[in-house]
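Take a look at the letters that make up each chain.
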Amino acid sequence: MADQKNTANDPFAMPNPQAMMAGMDPAQMSEAFRAMTQKSMEQSKEAYGRMKAAADEATKALESTMENVHQGSLQLSKKAIDAMRSNAEMGFQHLDKMMSAKSFAEVIEMQTAYVRKQVEMVTDQAKDMQKLSQSVAQEMIKPGRDAFQKASKTS
C-alpha cells in the first residue's frame, strides 16, 4: 500500500509493470506492434517516393539548365566569331580600296566612310549580341523556373 501512495503522489514514479501487464493480452500486443510497424513502413516508402521524385525533378532541371547553358554559349561564340570575321573582312576590303587611292583627299574620304560604316556595323553587332544574350539567359533559367513553379503548385 505504501508503494501505491508514493506512486500516486509522485508524477515521475514508474507504475508497477505487473499491474500494467495484467489487462493486456500478449497476442494483441504483437498484433498492435505489427500494425504500427507496417504503417511506419508505408509512411517511410511514401516519403522516400516523394523525395526520389523531387530529386529526379531537380536532376532533370539541372540537366536541362546545363544543356541550355552549353547551347547558349555556342550561339554566343558563333555570333562573336561571325562579328570578328565581318570586321576583319571589312578591314581588308578597306585596305584594298586605300591602295587604289589617287589623292590624299580620296584617302580621307575613304577613311571617313570606313569609320562611319564600322561604327554602324559594331552598333548593330552589339545590339544583336545583347538580344542573343538576353534570349540565352531566359532559356538558361527556364528549366529552373519551371521546376520551381511546378513545385509551388504541388505544395
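If you're wondering where the values come from, they're calculated on a predicted model, not measured in any experiment. (Residues numbered from 1 in each chain as written. Predicted model: local features only at pLDDT ≥ 70, side-chain atom pairs only at ≥ 80, totals over all residues. Heavy atoms only, no water.)

Colleague: Give me the pattern of salt bridges: which residues, what numbers.
Modeller: Applying the stated rule across the entire model yields five salt bridges. Here Arg34 ties to Glu31 by a salt bridge, and the two come within 3.2 Å at their closest N and O atoms. Remark: Glu31 and Arg34 occur in helix α3 (residues 26-99); sequence separation between them is three residues, near one turn of the helix. Given a relative accessible area of 44%, Glu31 falls into the partly exposed group. Asp146 serves as the salt-bridge partner of Lys142, at 3.0 Å between the closest nitrogen and oxygen. Remark: Asp146 and Lys142 occur in helix α4 (residues 104-154); sequence separation between them is four residues, near one turn of the helix. You can call Lys142 partly exposed: its relative accessible area is 35%. (Salt bridge = Lys/Arg side-chain N within 4 Å of Asp/Glu carboxyl O. Helix = DSSP H or I, 4+ residues; strand = E, 2+ residues; numbered from the N terminus. Buried < 20%, exposed > 50% of the residue type's maximum accessible area, 1.4 Å probe, protein only.)

Colleague: Account for the side chain of His94, naming residues and giving values.
Modeller: Summarising the element assignment, His94 is placed in helix α3. A polar contact is formed between the side chain of His94 and the side chain of Gln111, at a distance of 2.7 Å. Among residues more than four places away in sequence, those in contact with His94 are Met110, Gln111 and Tyr114. (Polar contact = N/O pair within 3.5 Å; in protein donor to acceptor, adjacent residues only side chain to side chain. Contact = heavy atoms within 4.5 Å.)

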